[in-house]
Amino acid sequence: MTATAKREKKNKSVYGDGPKEIAIETHTLVVMVQNEPGVLARVIGLFTGRGYNIESLTVAETNHEENTSRITIVCSGTPAVIEQIKAQLEQLIPVKRVRDLTVFGPHIERELALIKVAGTGEKRIEALRLADVFRAKPVDSTLESFIFEITGTTEKVDAFIDLMKPLGLVDVSRTGVAAISRGATTHDDK
Amino acid sequence: MSTKEAKNKATKTAAKTPSKMTGAEIVIKALIDQGVEVIFGYPGGAVLPIYDEIFKNSDKIKHVLVRQEGGALHAAEGYARSTGKVGCALVTSGPGATNAVTGLTDALLDSIPLICITGQVPTFLIGTDAFQEADTTGITRPCTKHNYLIKNADEVAETMHEAFHVARSGRPGPVIIDIPKDIQFAKGTYAPAKPVAQQSYRPKTEPNMAAIEAAVELMAQAKRPVFYTGGGVINAGPEASKLLRELAELTGFPVTSTLMGLGAFPAKDKKWLGMLGMHGTFEANWAMHDCDVMINIGARFDDRVTGRTDKFSPHSYKIHVDIDSSSINKNIPIDIPIVADAGLALKAMIDVWKARGYSADKPALTKWWDQIEGWRAKNCLAYKKDSKIIKPQYALERLRDKMAADPRDGYITTEVGQHQMWAAQFLPFNEPNRWMTSGGLGTMGYGLPAAIGTQIAHPEALVVDIAGEASILMNIQEMSCAVQYKTPVKIFILNNQWMGMVRQWQELLHGERYSNSYTESLPDFVKLAEAYGGVGLRATCVDELDGVIDEMLATDKVTIVDVLVDQKENCFPMIPSGKAHNEMILSPDAAAFDKSLV
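Residues numbered from 1 in each chain as written. Chains lettered and ligands numbered in written order. Predicted model: local features only at pLDDT ≥ 70, side-chain atom pairs only at ≥ 80, totals over all residues.

**Q** Would you mind going over the overall build of chain B in detail, with residue names and values included?
**A** Secondary structure summary: chain B contains 23 helices and 20 strands in total. Computed over C-alpha atoms, the radius of gyration of chain B comes to 26 Å, within 12% of the 25 Å expected from 2.2 N^0.38 for 598 residues, which places it in the range of a compact globule. Projected onto its principal axes, the C-alpha positions of chain B cover 90 × 65 × 45 Å. Counting only residues that meet the buried cut, chain B has 53% of its 598 residues in that class. Relative to all contacts within chain B whose residues are 6 or more apart in sequence, the contacts with residues 24 or more apart total 78%. (Helix = DSSP H or I, 4+ residues; strand = E, 2+ residues; numbered from the N terminus. Rg over C-alpha atoms; globule rule 2.2 N^0.38 Å. Buried ≥ 20, exposed ≤ 12 C-beta atoms within 10 Å, placed from the backbone. Contact = placed C-beta atoms within 7 Å.)

This is the structure in C-alpha cells:
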C-alpha cells in the first residue's frame, strides 16, 4: 500500500485530505520595499502566518534617497504556492514590487560566508591549499586558525564547507543569497 | 546657521503654516477632513488627549461610548457595511487594543473598511512593560490590512490620511493607527490629504480588456452559466449592484451569491437562486456543480462555499473577477482571471456584450432553466410546521412578512450560528448594504453592536438583530449603549437554549454526545431588557408570535424579543465539510446522514 493510500484510509476527518504531493520548486524572489520599521516583520510574518517555507532571506537598504530596501528571498513550494507567495507579498502596503528571478530568466546568485577553521600541521596547510582552489580569502589568522571569506553560489559555499569539516571547521556565518538579473535590463522591466 | 537666520526661517515657516497643533488636535482635524461623523470608542489613560479634543469638537464629531472595546469595532463594522463609508473606532492602549483584535480580524476577513485609533504608552516607555502597554502593531500585524505606529507629531496628519486611503481602496480592510501619548501632546504641523495619484499604494481597479472580451465571449457561448457573486459587489458600491442586475437581465443567467453578497441581486427576481454553500439552497449548489461557465464576481471561493475542492464544479470554465490578485487561484484554479473592481468589470462586460451584439444561447438556456426549476421544485427550505411549538423558520417567515408591511427601510444584522443561516435562507434582501453578518470569522456577539452602528447611521430605519440566546450574551453589555443613544434596535432571539449549530454538529457528527452545548441558567431576557431600560417581550407558542412581533415593531425603544423555538430543529439543507456540492443533504435525508464521518 502506498503512503498516500494509507493516509486516505486512516483519515476520517470531515475536512478530508490535504493536497496531494506535487513537485516542489525553489524560486528566488526580489522584493523591493519601503524601508520603514516593521517591514521585515510583515514579510516574515506572511511566510509564518500562511505556512510558506523560506530557505534564505537577505535584506539591506539599496537606495537611500528613495528609502528603498531590497529583500532577496529564496523560497520553496509547489508552483501554486509560489504564485500565492508572490500575490500575497504584493498585497503588503510597503511592498513596491515583487519579481521572480527564477521566472524572469538568467540571473546571478551569490552568497558570502565567513568560515573559521582551527588546526595545526598538515591539516592547516591542506585547508589553506583548498581555500586557494576555491578562491577563498584568509581574512584572519592565528597560529592555529584561519577565517576564510568565500563568495559564490550556494552550492560552491556548501562544497567548501563540506571540505573544511574534516580539516577543523569550527564556525560558519553566511549571508544568504543576493541575486540580480543578467544583462542590461533590470527586474523593473517586465 | 546663525541664530538670526534660524529665527527668520522660523517666522517664515510660521507664516506659511498657520500654527502648530498638538498630535491630538491633528487626529481630530484629520478625522473631520476625512468626513468622519461618528466614532465608536472607549476612553482610557493613553487616549485622554484625543478624548479631550473630542469633548471640544463634539459639535463636529459624534462619539458613541460602547461598553467594551470589542463592541466599538463591531459597531464601526455595522456602520461601515450599512453606509459604504469607513467605520471609525477609538480605544486605549493595552487591553483596549487587545479587546479590539477580534473586531479587526472580523473586518479583515469580511473586507470591511475600518480605522481604529489606539492609544499607546509614551514613546520613551515603549518596550519597558509599562502599565497598559501592549505591542499593538506587533499583535495586529496579521489581523489588519496595515498598521502604523506614529513616533513623530509631524507624521500624524499624513499617516491618518494615508490610513483612510489604505482602508477604503483596493480590497477594503481594517487599519490601526497606534499613537503614543507623548505624540498626542507634542506639537506638529497639519497637512491635508494627498491626492490619490500621489499615494504610494495604488491598487489596480481597471480590468484588463482582453480578459473581459475573452470572458464575455465565453459567456455568450455558455449553455449552463451561473453568476456566483460575493461581498466584492457590495464593496464596489450601489452602482455595482445595479450593473449586476443589468448584466443578469441582459444575459438571462441565473444568479447565486455568498453570505456576504446577499442584497446585491434582488431576492424577488426570478433569476435568483438563493444563497449557495454549506447551508445554501439545493438549486444554487447544484447549478454551481453542473454549470459549464461560472462567473465569479467578487467572491473568494471560501471553503464554506466550495465544499470539497477537488470535486468543486468539475465541468466548468471559471471566470473570476476580484480586486485582490492573491484571491485568484488561491483555492480553485481559474481559467480567466480578472483583477479589477467589481463595478468596473461589470460595466466593461456589459459594454462588450452590447458592442459585439452578443446574445445568450436561448435554447440551451431554456433547457438549463428547466433543470434549475426541477431542483427548485425540491423546495429545499421546507420544514415541518407545528401548530403550537414555534419553528425558528416560521418565526423568521412571520418577521419577514411583518417587516415587508412596515414602511421603514429594513436592516438586518445577525450573530453567528443556526439563526444566522436561517436568516440568510428565509429573509429576502433586495438592496445592498441591508445585511450585516460576520461571514469569514464567524464572530458570535457581532450582531448587537453592529445593529447599534447601523441604527446610528440610519436613525429612521428599522434595524433588527437576529440572534441566538448564546451569541447575544457575548456582547449583551451593549444594551446599555443602545439605551444611552436611544438607538431602537430590535433583538430577535431565536431561543432554543442550545448553541444550535454546535448541537447540530454533535448530533450529526459526534454520536449525539452533546458536550457543553446546552446553556443552563440563562437569564430571563424580558427582565434583562427591562433592567437595561429597554422593552422585553416573549413568545412561547405560535399564537403569541404575531402579537409580539407587532408590539416589537410598534415600540420606539430598544427591544429584546425572546422567541422560544423548537429546541431540536436543525438547519438544512447542508453540505457536510469535505463533501461536494452534489452531495448535499436535505432535511428529510437527515436520517441517512453519514455518521461515520467523525
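**Q** Can you lay out the packing of helix H11 (residues 238-251) of chain B against helix H14 (residues 342-355) of chain B for me, pointing to particular residues and giving the numbers?
**A** Residues and elements named next belong to chain B. For the pair H11 and H14, interaxial distance at closest approach is 9 Å and the crossing angle is 30 degrees. When the interaxial angle is binned, H11 and H14 end up roughly parallel. Remark: the crossing between H11 and H14 carries left-handed chirality. Contacts from Glu 239, Ala 240, Leu 243, Leu 244, Glu 246, Leu 247 and Leu 250 in H11 reach Ala 342, Gly 343, Leu 346, Lys 347, Met 349, Ile 350 and Trp 353 in H14. Along the lines of polarity and charge, the residues of the contact of H11 with H14 split into 10 nonpolar, 1 polar and 3 charged. (Axes fitted to C-alpha atoms, helices over the stretch in contact; angles between N-to-C directions. Parallel < 35°, antiparallel > 145°, perpendicular 65-115°, else oblique. Left-handed = near helix turned anticlockwise from the far one by under 90°. Nonpolar A, V, L, I, M, F, W, Y, C, P; charged D, E, K, R; others polar.)

**Q** Describe helix H9 (residues 209-221) of chain B, listing the residues and the values that go with them.
**A** Residue and element names in this part refer to chain B. The end-to-end C-alpha distance of H9, which contains 13 residues, comes to 18 Å, matching closely the 18 Å that a straight helix rising 1.5 Å per residue would cover. Ile 212, Ala 215, Val 216 and Met 219 are the residues of H9 that are buried. The arc enclosing the buried residues of H9, seen along the axis, measures out at 95 degrees, which places them on a common side. Looking at the buried positions of H9, the neighbouring elements they touch are strand S9 (225-229), H11, strand S12 (293-297), strand S13 (317-322), strand S14 (336-339) and H14. (Expected span 1.5 Å × (residues − 1). Arc of directions from axis to C-beta.)

**Q** I'd love a proper account of the interface of chain A and chain B, names of residues and values included.
**A** Contacts between chain A and chain B engage 18 residues on the former and 19 residues on the latter. Taken together, the elements giving at least two residues each to the side of chain A that touches chain B come down to helix H2 (39-49) and helix H3 (79-91) of chain A. Per element, the largest residue contribution to the side of chain A that touches chain B is 7 residues, and it comes from H3 of chain A. Residue classes in the side of chain A that touches chain B are distributed as 6 nonpolar, 8 polar and 4 charged.

**Q** Break down the sheet that holds strand S19 (residues 535-539) of chain B for me, citing the residues and quoting the values.
**A** Backbone hydrogen bonds are what pair the strands of a sheet, in a parallel or an antiparallel way. Residues and elements named next belong to chain B. Taken together, the 6 strands give an open sheet; going across it, the order is S16-S15-S17-S18-S20-S19, and neighbouring strands pair in parallel fashion. Of all the strands in the sheet, the pair left with one neighbour each is strand S16 (435-436) and S19. Packing against the sheet, helix H17 (residues 418-426) makes contact with strand S15 (410-414), strand S17 (462-468) and strand S18 (490-495), and its axis sits at approximately 135 degrees to S17. The strands touched by helix H18 (residues 447-457) are S15, S16, S17 and S18; relative to S17, the strand with the most contacts, the crossing angle is about 175 degrees. (Pairing = 2+ DSSP bridges.)

**Q** Break down the nonpolar core for me, citing the residues and quoting the values.
**A** Counting 203 residues, the largest nonpolar core has Val 31 of chain A together with Val 27, Ala 89, Leu 114, Ile 115 and Val 563 of chain B as its most contacted members. Beyond its immediate chain neighbours, meaning those up to four positions away, Leu 114 of chain B contacts Leu 73, Ala 76, Glu 77, Ala 80, Val 86, Gly 87, Ala 89, Ala 107, Ala 167, Pro 174 and Val 175 of chain B. (Core = buried A, V, L, I, M, F, W, Y, C linked by C-beta atoms within 7 Å.)

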